[in-house]
Structures are given as structure tokens and as C-alpha cells.
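Single-letter residue listing:
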Amino acid sequence: MRVLAAMSGGVDSAVAAALAVEAGHEVVGVHMALSRNRNQFRSGSRGCCSIEDAGDARRAADILGIPYYVWDMSEKFEDTVIADFVSEYEAGRTPNPCVRCNEHIKFEALLDKARALGFDAVATGHYAQVFEREDSDGSVIRELHRSPNEPKDQSYVLAVMGPERLKHAIFPLGGFASKDEVRAEAERRGLSVSNKPDSYDICFVADGDTKGFLAERLGTRPGEIQDTDGNVVGTHDGAYAYTVGQRKGLALGNPAQDGKPRYVLGTNPKSNTVIVGPAELLTVNRIVGDQAVWFADDVLAAAGQTEAGSDWFDVQVQVALSRAAEIVGAGREDIATQCTRAEGLSEDLDDRTMLEVELTGGTLRGVAAGQSLVLYSGTRVLGQATVVASDRKSTAAAVAAPVAAGLSSAS
């Protein structure tokens, strides 16, 4: 196969490219220049895709003996990932830029360009596994699964890509159980990035100051911090800088009567108000998501999810980077009715792209609108949606089906 290896300049993508070469593929390396600031350098282990990283990627490609190019995708990155990040915070939601980057850059812009140039697949250094099996009709089904390296598993941020793009994706690090194994592999191959620190935080906020980055883009917007009774307990310079579950940086002037810490329960962009309250009010057992992407039509069909789908079946859910217990939800007909009653949803939304889940094996705390909700069956990714609402709710469905989740397959 002709494979385009996305080389970020880190150890993971370098080893992934090396393994693609070793597998006998015709490999070309490409580094995506995502920053418009050509003088940007990495700050320790913060950030990525800098000039320094481009140089590291080139040296790795030279050692591997593969062609290497730098593609300027900064405009696309600015117009999609960064613009979405800013607008979501402004709207009172909490986005995940890594999910949007995988959706719009790595498995849209990069993959589409690669396919147009005649490449069969894109290889990346993500920690996830792809298993292939033959369906009853002889067709090949590709399944996206968690990595055995659980602390580094990235199936969560990959779930947004969907089954069609998964057909043209390769994750050579899928079988590695630890990052130490990957570093040892890099050292064995003479790759100078073997001991390079991992990047973390948001790549385009290299100094880690998300609040400052947003203030630069959105300006100062003073407003009130209120408790659940509407009492003013503090002030802020912009509600966009606060997210559900946040405790630090509130600087509240009036302590709670019970003396317990208060957390951000939500924000109101229209009134520019931040609402705070006790930790117990962050706990939810019901999550509503939209813009659903489904991988597993065969699983849905086996669970009775027909065109009228109203049955239930077992899944697990992950929101943000924390795992949760098993969940239950409703089928397509119930989804349309219940979701349209949730705040922020309208009755003209396509119910085939929506889902509702209820936690039965436990609860979650601090689930924020805008976060990615990924459904699993064991290690297998079933689908992904964007959280639009979460709350505490007890339904007859949860009593009748103690562990179940209703899903609707997308057309």
C-alpha cells in the first residue's frame, strides 16, 4: 500500500512511520504545519507542531529513508479547530480540540489530500487498535478498539472519524502495551526522538494559559458569579473562561454557609453569569448527545435497533478522559420526544443523530455540554456524540431495563 505517515516530530509518530516501512508499505512522511506563527517553538513539553518539531520529524524521516514534506494546514486549523474552540467556550460549552483536530485535520483535510494524491491510507501514532473480520455477506468490517496501553488509549478522540475514514487509517502502535516499549523501539532504530518529552495541554496554547488565550480572542466581559439562589457571591472578567466542575480561580468573596467548596455548575452566556454550588449538584445520571457518528451497525442490529428502534442494550460510556459505568438510554422514538424537551434542543433536529443515556452502574460528576461522549462494547467503539445536556433523572425505562442503552443508527 501507499501510506502517508503523519509525523508530528514526536516519538509516537516516528515509530509508527518506522513500523509502516517495516510492514512493506511505500511510505511518505508529512509534517502538518498548524501554527501561523513561523517562529513558534515548543515550551518544554507543552504544545506541538512547532519549528522544532518539524526538524525532529525531518531527521526521523531521513533515518527511515523515506521522502518527507511539510504541508501548511495552518489556515484550515485556524478556521476549524481554533475557531470552534473559541466559539464553543463563548457559547458556554467545553470543547475538546483534540477531537476536532482528528475530525477536521487528520482525518478530513490530511486524509482527503492523501487520497487525492493516490495514497491508500494515512498512518498516525495514535494508541488505538483496528481489527478486521469478515461479515456474513463476505464484506470486511473494520472495528476500532481501545489500546492495551490504557493510560495512553486514544480511541476516545478517534471515535469522531466514523467508519468510512477508518477504512483508510492505520495505527501501527495499536499493539504496544506501554510508552516505554515505544521509546525502546525508537532507541533501537536510532531515532533521536526516543527520549523526547510527551506534549500535553492544548497545542495552540503552548504556555498553558487557556483563560489568557480566550481573553485575547474574546476580550474582557465583566459579570457576576451567583449561587443557585441567585445571590451574587463574586465577579468575573468573562463567563467564557469557566467550565462545569471548575473549582480553582473562582476567588469568591462570600463563603458558602456550610463552609464547603463551591464549583462551577454552569454558565449563562446571554446574561454573562457564572453559577456555582456544592459538589453534589454536579452529579448526573442522564446525558443527551447529538451529532452522533456510528461505527457498529452490526451491534445495533443484533440488539434490535431496527428502523423503528426502541429496544435497549448494554454499553459503556466515556466522557472526557474519565471512564464511567454502564449506561442506559432510549430508542429512536423516545429519543426524539425526550431530547426535544431538553434545554437548547429544537424539535426539527434529526433524531437519527441523537441519543440519550442513563447511568445505571454509577454516576458522573461535572459533565459539560460540548464534551465528546463515546460508547463502547468492551474495548470496541460503537459510536460518538457531542454532549448537549446532562442532569439527574429517574425514568421508568431505567427501572425496567437495569443495564441498557438505546441507540439509533445513522443513515
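Residues numbered from 1 in each chain as written. Predicted model: local features only at pLDDT ≥ 70, side-chain atom pairs only at ≥ 80, totals over all residues. Heavy atoms only, no water.

Draft legend 1. Here's a closer look at the overall build of the chain. The helix and strand inventory of the chain stands at 11 helices and 19 strands. Counting over 411 residues, the chain shows a buried share of 52%. Sequence-distant contacts in the chain: of pairs separated by 6 or more residues, those separated by 24 or more amount to 69%. Put simply, the chain shows about 18300 Å² of open surface, and 47% of that area lies on carbon and sulfur atoms. (Helix = DSSP H or I, 4+ residues; strand = E, 2+ residues; numbered from the N terminus. Buried < 20%, exposed > 50% of the residue type's maximum accessible area, 1.4 Å probe, protein only. Contact = heavy atoms within 4.5 Å. Areas by Shrake-Rupley, 256 points an atom, 1.4 Å probe, with all protein chains shown as cover.)

Draft legend 2. Focus on the state of the cysteines. Across all of its chains, the model carries zero disulfides by this definition. Not engaged in a disulfide, the cysteine Cys98 finds its nearest cysteine sulfur in Cys203; these two sulfurs lie 7.0 Å apart. Given a relative accessible area of 19%, Cys203 falls into the buried group. (Disulfide = S-S within 2.5 Å.)

Draft legend 3. View of the sheet that holds strand β9 (residues 232-236). Spatial strand order, β9-β8-β11-β10: four strands in an open sheet with mixed pairing. At either end of the open sheet lies a strand with only one pairing partner, and these are β9 and β10 (263-268). Taking each pair of neighbouring strands and ignoring which way they run, the sheet shows an average axis angle of 30 degrees. In the sheet, strand β8 (residues 223-226) pairs with strand β11 (residues 273-277) via two bridges, with the strands oriented parallel. Within the sheet, the bridge partner assigned to Ile225 lies in β11 and is Val274. (Pairing = 2+ DSSP bridges. Axes fitted to C-alpha atoms, helices over the stretch in contact; angles between N-to-C directions.)

Draft legend 4. Representation of the packing of helix α3 (residues 74-90) against helix α4 (residues 97-116) in the model. In the contact formed by α3 and α4, the axes pass within 9 Å of each other and the chain directions differ by 160 degrees. Comparing their axes, α4 and α3 come out roughly antiparallel. Relative to α4, α3 is oriented so that their crossing is right-handed. Each of Lys76, Phe77, Thr80, Val81, Asp84 and Phe85 in α3 lies in contact with α4, whose residues at this interface are Pro97, Arg100, Cys101, His104, Ile105, Glu108 and Ala109. For the contact of α3 with α4, the class distribution of residues is seven nonpolar, two polar and four charged. (Parallel < 35°, antiparallel > 145°, perpendicular 65-115°, else oblique. Left-handed = near helix turned anticlockwise from the far one by under 90°. Nonpolar A, V, L, I, M, F, W, Y, C, P; charged D, E, K, R; others polar.)

Draft legend 5. Looking closely at the pairing of strand β6 (residues 140-145). Summarising the sheet, strand β5 (residues 129-134) and β6 pair through six bridges and their orientation is antiparallel. What sits directly across from Arg133, in β6, is Ile141. With antiparallel pairing between neighbouring strands as the criterion, β5 and β6 make up a hairpin whose turn holds five residues, including Gly138 at a positive phi of roughly 95 degrees.

Draft legend 6. Expanded view of the nonpolar core. Within the largest apolar cluster, 56 residues are counted, with the highest numbers of intra-cluster contacts made by Leu4, Phe77, Leu110, Phe171 and Phe204. Counting residues per element, this core draws most heavily on α4, at eight residues. Apart from the residues within four sequence positions on either side, Phe171 is in contact with Phe107, Thr124, His126, Ala128, Val130, Leu144, Leu158, Met161 and Leu166. The next biggest cluster of nonpolar side chains, apart from the first, holds 29 residues, and it includes Val11, Ala16, Ala61 and Ala186. (Core = buried A, V, L, I, M, F, W, Y, C linked by side-chain atoms within 4.5 Å.)

Draft legend 7. Region of the structure containing the pattern of salt bridges. For the structure shown, the criterion picks out 23 salt bridges. Glu108 serves as the salt-bridge partner of Lys76, at 3.1 Å between the closest nitrogen and oxygen. Of this pair, Lys76 sits in helix α3 while Glu108 sits in helix α4, placing them 32 residues apart in sequence. Using a relative accessible area of 23% as the deciding quantity, one classes Glu108 as partly exposed. For Glu88, the salt bridge goes to Arg93, with nearest N and O atoms at 2.8 Å. With relative accessibility at 12%, the residue Glu88 sits in the buried group. (Salt bridge = Lys/Arg side-chain N within 4 Å of Asp/Glu carboxyl O.)

Draft legend 8. Looking closely at the sheet that holds strand β3 (residues 68-72). Taken together, five strands build an open sheet; the order of strands is β3-β2-β1-β4-β7 and the sheet is parallel. In this open sheet, the two edge strands, each paired with only one partner strand, are β3 and β7 (169-170). Looking at chain direction, strand β1 (residues 2-6) and strand β2 (residues 26-33) are connected through five bridges and run parallel. In the strand pairing of β2, Arg2 is matched with Glu26.

Draft legend 9. Region of interest: the packing of α3 against helix α8 (residues 210-218). At a minimum axis distance of 11 Å, the contact between α3 and α8 shows a crossing angle of 95 degrees. Classified by the angle their axes make, α3 and α8 are roughly perpendicular. Touching Glu78, Ile82, Phe85, Val86, Tyr89 and Glu90 of α3 are Thr210, Phe213, Leu214, Arg217 and Leu218, all from α8. Looking at side-chain class alone, the contact of α3 with α8 contains seven nonpolar, one polar and three charged residues.

Draft legend 10. Quick peek at the packing of aromatic side chains. For the structure shown, the criterion picks out six aromatic pairs. When the centroid spacing of 5.1 Å and the interplanar angle of 85 degrees are considered together, the rings of Phe85 and Phe204 count as edge-to-face. Of the two residues, Phe85 sits in helix α3 while Phe204 sits in the loop between α7 (179-188) and α8, which places them 119 residues apart along the sequence. Take Phe85 and Phe204: they sit in the same class, and that class is buried. (Phe/Tyr/Trp six-rings, centres within 6.5 Å; stacked < 30°, edge-to-face > 60°.)

Draft legend 11. Spatial organisation of the pairing of strand β18 (residues 372-377). Among the six residues in β18, five count as buried, and that is most of the element. Adjacent in sequence and paired antiparallel, β18 and strand β19 (residues 380-391) are bridged by two residues, among which Gly378 carries a positive phi angle near 65 degrees.

Draft legend 12. Summary view of the confidence of the model for the chain. Of all residues in the chain, 79% attain a pLDDT of 70 or more, and the chain-wide mean is 81. Segment residues 41-46: pLDDT under 50, and 22 contacts once partners within four positions in sequence are set aside and those in other chains are kept. Scored below 50 in pLDDT, residues 322-351 makes 94 contacts in the model with residues more than four places away or belonging to other chains. (pLDDT = per-residue confidence, 0-100.)

Draft legend 13. Spatial organisation of the environment of Asp227. Note that Asp227 resides in the loop between β8 and β9. You can call Asp227 buried: its relative accessible area is 15%. Sequence separation of Asp227 and Tyr263 is 36 residues, and the distance between their C-alpha atoms is 9.8 Å. Not counting residues within four places of it along the chain, the set of residues in contact with Asp227 comprises Val233, Ile275 and Val276.

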